[in-house]
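Below, each chain spelled out in residue letters.
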Amino acid sequence: MSGEYAYRRRWSSVAVVFLAGTLVLVAGGLVPGTDRSPDSVKLVRSYLTAVKERKVGEALRIAKKRPSGKEASFLKAAAMSGDWEILGLEETSAYEGAESVTVTAVLGSGKVRGRTEIEVVKENGGLRIKEPFAEVEFGSTALWYVEIGGVRVPDDRLDGKYLLFPGAYRYYQGRPDLFTVAQESDLLLPGEIAAADTSEIELTSRGERAVSQAVNAYVDGCVGKNEVEVPDCTFGVGENIRRPGGYILGIEDITWKVKEYPVVAVGTTGLSITDRRRGTVELRATGAREDGPRKRITVSCEIVTSRLEAGIRPDGTISVVPQGSRRGQASPYSWETCDG
């Protein structure tokens, strides 16, 4: 579950009875009051009922807000769940002449209870819920998309914030053949600001093989460039190569060839990649020792994969990129791995 907030309390069991009239205790649980409820309670109840029944158009009409753009990507019926209940509503503050009133709401999903105060604003002779949506923030992870319920949206941002209707949600379903995500369902309340915890991703054996294949494909792409400096690659050579007995200078006419692919391990946080066994590429080029003639040389160079990270694309496939590249922090320089 997401963290607790100062304006929100969750109950594992209901132990409070409101005596003011709109909440009653029935069989150990709070239930909505009758139609004699204040207009503020009726408004909140009609909104929450429309949300629970996944009537998006009606819920937006009652909310009097129609967000658009990326942040509204999940204000859709396919992202919503009806697996929660309205356990109680009560107008808990209504002062004469005040510009708003407060409705205390209790929602539940399974054994989880959530209590919040909803501000209802008086305007133009009517009422409006000031903050009808919850806001959820997704940090940068190895998942290159955001998934809520049955909706999946590509997301390359460092931090993505989205609006959701109140209710119960599960953020990522995973792909059982490739990976699972340690993520419980979350009960969100109107006006809540929450953070989705999606930091731990566990690959299956097939998923690990997919990462290994992606690393090999990345190495193949670097080998095919046949350049002196290979930016963002896991191997490389500078203008000179340090060898026993001195330097080989003026490296030109390069070709690369894979001799042995690396064997890699993958972490559960961010899918970071480390070497179990480094691979090697063969460099063939022309060069000369100091004051010596130019000639063809052949040198073995290490492949260092620890500068790579894996990511899972929206279609479920696994790719490999330089560390930091999705955040604009990748180094533009290649590693020099041919010195020996």
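Residues numbered from 1 in each chain as written. Predicted model: local features only at pLDDT ≥ 70, side-chain atom pairs only at ≥ 80, totals over all residues. Heavy atoms only, no water.

Caption draft 1: Representation of the overall build of the chain within the structure. When helices and strands are tallied, the chain shows three helices and 24 strands. Across the chain, contacts joining residues at least 24 apart in sequence account for 62% of those joining residues at least 6 apart. Summing over all exposed atoms, the chain offers an accessible surface of approximately 16700 Å²; the carbon and sulfur share of this is 47%. (Helix = DSSP H or I, 4+ residues; strand = E, 2+ residues; numbered from the N terminus. Contact = heavy atoms within 4.5 Å. Areas by Shrake-Rupley, 256 points an atom, 1.4 Å probe, with all protein chains shown as cover.)

Caption draft 2: Inspection of the packing of aromatic side chains at higher detail. Enumeration according to the criterion identifies seven aromatic pairs in this entry. Relative to Tyr162, the ring of Phe74 has its centre 5.1 Å away and its plane inclined at 80 degrees; by these criteria the two rings are edge-to-face. Placement of the pair is Phe74 in the loop between helix 2 (56-63) and strand 4 (85-93) and Tyr162 in strand 11 (residues 160-164), with a sequence separation of 88 residues. When its relative accessible area of 0% is taken as the criterion, Tyr162 is described as buried. Between Phe138 and Tyr162 the ring centres are 6.1 Å apart and the planes differ by 75 degrees, which places this aromatic pair in the edge-to-face class. Of this pair, Phe138 sits in strand 8 (residues 134-138) while Tyr162 sits in strand 11; the two residues are 24 residues apart in sequence, bridging distant segments of the chain. Here the two residues Phe138 and Tyr162 agree in accessibility, since each one is buried. An aromatic cluster is defined as three or more aromatic residues linked by ring pairs; in this entry it consists of Phe74, Phe138, Tyr145, Tyr162, Tyr171 and Tyr172. Directly above the aromatic system of Trp84 lies the positively charged group of Lys52, at a separation of 5.8 Å from the ring centroid. Directly above the ring of Tyr145 sits Arg152, whose terminal nitrogen or CZ lies 4.5 Å from the centroid. (Phe/Tyr/Trp six-rings, centres within 6.5 Å; stacked < 30°, edge-to-face > 60°. Buried < 20%, exposed > 50% of the residue type's maximum accessible area, 1.4 Å probe, protein only. Lys NZ or Arg CZ within 6 Å of the ring centre and 35° of its normal.)

Caption draft 3: Fine view of the state of the cysteines. In total, this model carries two disulfides according to the counting rule given. Paired by a disulfide, Cys222 and Cys233 hold their sulfur atoms 1.9 Å apart. Looking down the S-S bond of the Cys222 and Cys233 bridge, the torsion is -95 degrees, so its handedness is left-handed. On the criterion of sequence distance, the pair formed by Cys222 in helix 3 (residues 205-223) and Cys233 in the loop between helix 3 and strand 17 (241-243) is long-range, its members being eleven residues apart. Summarising the burial analysis for this pair, Cys222 and Cys233 share the class buried. If the cysteines joined by disulfides in the chain are listed in sequence order, their pairing comes out as 1-2, 3-4. (Disulfide = S-S within 2.5 Å.)

Caption draft 4: A look at the pattern of salt bridges. Summed over the entire model, instances satisfying the criterion amount to twelve salt bridges. In this structure, the salt-bridge partner of Glu119 is Lys130, at a minimum N-O distance of 3.7 Å. Placement of Glu119 in strand 6 (residues 112-123) and of Lys130 in the loop between strand 7 (126-129) and strand 8 is noted, with a sequence separation of eleven residues between them. Judged by relative accessible area, which is 32%, Glu119 ranks as partly exposed. Among the salt bridges present, the one from Glu282 reaches Arg284, with a minimum N-O distance of 3.0 Å. A single salt-bridge network, built from bridges that share partners, covers Arg175, Asp177 and Arg206. (Salt bridge = Lys/Arg side-chain N within 4 Å of Asp/Glu carboxyl O.)

Caption draft 5: Quick look at a negative patch on the surface. A cluster of acidic side chains, namely Asp197, Glu200, Glu202 and Glu208, defines a negative patch on the protein surface. Locating Glu208 in the fold gives a position in helix 3. (Patch = residues over 30% accessible without salt bridge, like charges linked within 9 Å, V, L, I, M, F, W, Y side chains within 5 Å. Lys, Arg positive; Asp, Glu negative; His and termini not counted. Charge placed at Lys NZ, Arg CZ, Asp CG, Glu CD.)

Caption draft 6: Structural view of the sheet that holds strand 18 (residues 246-260). Spatial ordering of the open sheet is given by 17-18-21-22, a layout of four strands whose pairing is antiparallel. Two strands close off the open sheet at either side, each with one partner strand: strand 17 and strand 22 (295-303). On average, each strand axis in the sheet is inclined to that of its neighbour by 50 degrees, with strand direction left out of account. Here three bridges tie strand 17 to strand 18, and the two strands are oriented antiparallel to one another. Looking at strand 18, one finds that Arg243 is bridged to Gly246. (Pairing = 2+ DSSP bridges. Axes fitted to C-alpha atoms, helices over the stretch in contact; angles between N-to-C directions.)

Caption draft 7: Examining the confidence of the model for the chain more closely. Summary statistics for the chain give a mean pLDDT of 82 and a share of 84% for residues scoring 70 or more. Long-range and interchain partners of residues 1-33, a stretch whose pLDDT sits below 50, account for 84 contacts in this model, where long-range means more than four residues apart. (pLDDT = per-residue confidence, 0-100.)

Caption draft 8: Spotlight on the pairing of strand 7. Pairing analysis gives four bridges linking strand 6 to strand 7, with the strands arranged antiparallel. When the sheet's bridge partners are listed, Glu123 is paired in strand 7 with Gly126. Between strand 6 and strand 7, which pair antiparallel one after the other, the connecting turn spans two residues, and Asn124 there sits at a positive phi close to 50 degrees.

Caption draft 9: Local environment of the nonpolar core. If you look at the biggest cluster of nonpolar residues, it comprises 90 residues, and the most contacted ones within it are Tyr47, Phe165, Tyr171, Trp256 and Leu283. Ranked by residues supplied to this core, first place goes to helix 3 with eight residues. (Core = buried A, V, L, I, M, F, W, Y, C linked by side-chain atoms within 4.5 Å.)

Caption draft 10: Helix 2, seen in detail. Inspection of helix 2 places Val56, Ala59, Leu60, Ile62 and Ala63 among the buried residues, and these make up the whole buried set. Seen from one end, helix 2 has its buried residues packed into an arc of 160 degrees, which puts them on one side. Each element contacted by the buried residues of helix 2 is listed here: helix 1 (39-52) and strand 7. Among the residues trailing helix 2, Lys64 stands out with phi positive, at a value near 60 degrees. (Arc of directions from axis to C-beta.)

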